[in-house]
Amino acid sequence: MDSIAVKRTSPSHGHGGRVKVLRRAIMGLIMVVFLGYLMMWVVSAHRIYRTWFQKISDSTMSTYFGWQGFTILIYTFPILFIAVMGCAYLHLGENLGESGKDRESNGKRHKSVLWKRLMIVKGLGIVSWIELTLFAMFIALLVWCFSAYLHLFFSEADILAIEEGEKIWEAKLDLVGLTLGLVGNICLAFLFFPVTRRSPVLPLLGLTSESSIKYHIWLGHITMVLFALHGVVYIIYWIVTNQPSEMLKWDTIKVSNVAGELSLLSGLLLWATTHPRIRQKAFELFFYSHYLYVLFMVFYVYHLGISYAYTVLPGFYLFLLDRFLRFLQSRGRCQLVSARVLPGSTLELTFSKSRALSYTPTSIIFINVPSISKLQWHPFTISSSSNLEPERLSLVIKKEGSWTNKLYQMLSSPSTIDHLDVSVEGPYGPVSTHFLRHDMLVMVSGGSGIAPFISIIKELIFTSSTLKTKTPQLLLVSAFKYSSDLTMLDLLLPASPADFEHSNLDLQVEAYVTREIEPPLEKPQILRTIWFSPNPSNMPIAPILGPTAWLWLALIVSSSFVIFLLFMGILTRFYIYPIDHNTNRIYSHTSQSTLNMLLICVSIVMAASAAFLWNKRQTAKETKQTWERSTGSWPGDDREMQSLPHLSVGKSINMHYGGRPDLKRILLEQNDPSVGVLVCGPRTMRHEVAAICSSGQRENLHFESISFNW
């Protein structure tokens, strides 16, 4: 793993070589299984596959797993197997403890430039060629399956029309509706992977949950379009065939139409609130309506029956497991050490942190303040470094919405506040970073978008001063509306200035104040610093599954699935089978679906709770020691905010008033062989930087994507 991300002693060359070989073998196995899983979807619409599937299902049917046994084997098991093996792969990556990845990638960094070149596509945002290619391939898969299903079904339309006493075109209308639903299931199978925050699958692809939100959005739109058309076509079909009563039919043996309608209605209500204007103007409506996914999935299972639903459940299974782990973490209260109220309606919150908790730059954390809202969770970028500041975790929060406004008013009010309950989820971020591969980093920020770059700079200070590793030159281009916002630049200083003095970091800061034409007569001052009283019930932020989190996650995934199979086998053999005898026509599908969903939840709760409680007990002693140390002041936190002209965070800070940065000129002036470009700010700024990097005018510009599009 990157030396920038982890502080570890490098293992011996021989051991490191064996670990790399083992990781390659695991990745090869994962690729084989995943390609086989994809192939099952590709051929699922072929007649030979359907015949083969039916024959094997009949021959493998047992009194313990019934009809769903083979479906679980070829659709659910492969994804959970990939998740477990992915955890092992990521754990081995953490143990490498070397910067070899950077050195290797440094020599190969230009080979994939074409594939990583960016495009700005209306409706999709900033995408690379490889993302666009994979998206086109996925659309091609949907088109193929749609056409293959239609070809297969239409060849049997005349037989169906005779059996149902319908006209051929009416039978074909029925089959079109069925095909739309089957293709929508493919999208649903992948829908929950991007929003599983503690996912072992996304890091295998170099992704994080926050950077994958756009994939969830794309899949969500396609899924709802297909399911909406599926519902509309069937409503038309029932009307033209004089069967409107079918819309009120809840069949407990076959397909339940009412359940499908309730699932579709829940999905449409959720989908309607995802419109950008609603999300921006009424975020709480968007946030709360997303809980309708529970009804959407429950009625979806009732609609089709659990036997078929297992084809799309593995992604949702991992999401449920992650959601329960987040629930367990969110029940505790964290020790908030201090809050600084900065000019420009900005806050810096500092929490006590366990030394066992490690995170990479650009990581985010979700926080909840029960005194403001018990349900609302908001993500913020971490501005501290887990290596440079091992017992503290800091956030920068800008007052922008109603929730942040309430928090700012609470902390900036003249009344005394000595305690504030806060809960957290996370942190979440990339497994490793690749900043050391570049000769220079250009970081472009707008307003509070400077937060991730504060963490990067502090991590590079640690890399330079402690690990004695060569770091790239740094150019920070920050745009602010008013001079009062410039105090955020003072947060670049580590808690102990000596850390910066012992580093060889080459940092240049270009600060732009866009709505003022000259410096203020008086420099902005910190408004207030609040030191919170220690509370024994509030503990430092600690890793929910301990320092070997990936191994524990692998254990939770595998053990919960085994527990579920045991429970399901017992339930089927001793309760359902004596009634149904594997005919799938006697025992209620609704009851079977309810029991199976209940068993899934119970299995996840049992495995995750046991792992969580074990790790909580193991880390209790260490977190108690951290809490005792946190009752005192943090070294250097009582320093006064230094004046900007003398700020010693780099060789110079250049101030510019009355205009925006000329990003094109700044970027095209960089002549280093490899320049990493990062941007965090308004949408227009991100698109402008992406367009410059993708223009091809300079081949040395490499856009490093960081996304916080929640």
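Residues numbered from 1 in each chain as written. Predicted model: local features only at pLDDT ≥ 70, side-chain atom pairs only at ≥ 80, totals over all residues. Heavy atoms only, no water.

Q: Pulling in residues and values, what's your account of the overall build of the chain?
A: Looking only at helices and strands, the chain features 22 helices and 15 strands. Within the chain, the fraction of its 710 residues that count as buried is 55%. A sequence separation of at least 24 residues applies to 81% of the contacts in the chain between residues at least 6 apart. For the chain, the accessible surface area stands at approximately 31,600 Å², while carbon and sulfur atoms represent 63% of it. (Helix = DSSP H or I, 4+ residues; strand = E, 2+ residues; numbered from the N terminus. Buried < 20%, exposed > 50% of the residue type's maximum accessible area, 1.4 Å probe, protein only. Contact = heavy atoms within 4.5 Å. Areas by Shrake-Rupley, 256 points an atom, 1.4 Å probe, with all protein chains shown as cover.)

Q: Summarise the environment of E516; cite the residues concerned and give the values.
A: Positionally, E516 belongs in the loop between β11 (507-513) and β12 (528-531). Between the C-alpha atoms of E516 and H656, which are 140 residues apart in sequence, the distance is 9.5 Å. Apart from the residues within four sequence positions on either side, E516 is in contact with K481, Y482, S483, Y657 and G658. One polar contact links E516 to S483, side chain to side chain, over a distance of 2.4 Å. (Polar contact = N/O pair within 3.5 Å; in protein donor to acceptor, adjacent residues only side chain to side chain.)

Q: Give me the lowdown on the pattern of salt bridges, citing residues and values where you can.
A: The full count for this structure, using the stated rule, is 14 salt bridges. We note a salt bridge from K398 to D485, for which the minimum N-O separation is 2.7 Å. You can see K398 sitting in strand β7 (residues 392-398) and its partner D485 sitting in the loop between β10 (473-480) and α18 (497-501), a full 87 residues away along the chain. Exposure class is identical for K398 and D485. Each is buried. (Salt bridge = Lys/Arg side-chain N within 4 Å of Asp/Glu carboxyl O.)

Q: Now, about the pairing of β11: what can you tell me, with residues and values included?
A: Of all seven residues in β11, seven are buried; the element is thus mostly enclosed. Residues L507, V509, A511 and V513 line one face of β11 and the alternating positions Q508, E510 and Y512 line the opposite face, and both faces are buried. Bridge count for β11 against strand β13 (residues 652-657) is six bridges, and the pairing is parallel. When the sheet's bridge partners are listed, V509 is paired in β13 with I653. (Pairing = 2+ DSSP bridges.)

Q: Describe the packing of aromatic side chains, naming the residues involved and giving the relevant values.
A: All told, the structure shown has 32 aromatic pairs when counted by the stated rule. Taken together, a centroid distance of 4.8 Å and an interplanar angle of 65 degrees make the contact between F192 and F316 edge-to-face. In this pair, F192 sits in the loop between α8 (168-191) and α9 (213-240) while F316 sits in helix α15 (residues 313-330), placing the two residues 124 residues apart along the sequence. Above the ring of F154, the side-chain terminus of K172 is found at 5.1 Å from the ring centroid. Positioned above the aromatic ring of F366 is the side chain of R197, whose terminal nitrogen or guanidinium carbon lies 3.7 Å from the ring centre. (Phe/Tyr/Trp six-rings, centres within 6.5 Å; stacked < 30°, edge-to-face > 60°. Lys NZ or Arg CZ within 6 Å of the ring centre and 35° of its normal.)

Q: Quick one: what's the story with the sheet that holds β7, residue by residue and with numbers?
A: Read from one edge of the open sheet, four strands run β7-β4-β3-β12, paired in antiparallel fashion. The sheet is open, and its two edges are formed by β7 and β12, each paired on a single side. Put simply, the sheet's adjacent strands are angled 15 degrees from each other on average, direction ignored. The sheet contact formed by strand β3 (residues 336-342) and β12 spans four bridges and is antiparallel. For A339, the partnering residue across the bridge sits in β12 and is I530. (Axes fitted to C-alpha atoms, helices over the stretch in contact; angles between N-to-C directions.)

Q: Outline the packing of helix α6 (residues 129-154) against α9, supporting the account with residue identities and numerical values.
A: At a minimum axis distance of 13 Å, the contact between α6 and α9 shows a crossing angle of 25 degrees. It follows that α6 is roughly parallel to α9 by the angle criterion. Both α6 and α9 take part in a crossing whose hand is right-handed. On the side of α6, the interface is formed by E131, F135, F138, I139 and L142, while α9 contributes K214, Y215, W218, L219 and I222. Residues of the contact of α6 with α9, tallied by class, amount to eight nonpolar, no polar and two charged. (Parallel < 35°, antiparallel > 145°, perpendicular 65-115°, else oblique. Left-handed = near helix turned anticlockwise from the far one by under 90°. Nonpolar A, V, L, I, M, F, W, Y, C, P; charged D, E, K, R; others polar.)

Q: Before we move on, can you summarise the environment of T252 with the specific residues and values?
A: Take T252: it is sitting in the loop between α9 and α10 (257-272). A sequence separation of 53 residues divides T252 from G305, and the C-alpha atoms of the two residues are 8.8 Å apart. For T252, the residues in contact, after removing those within four places along its chain, are Y587, S588, H589 and T590.

Honestly, it's all geometry; don't read function into it.
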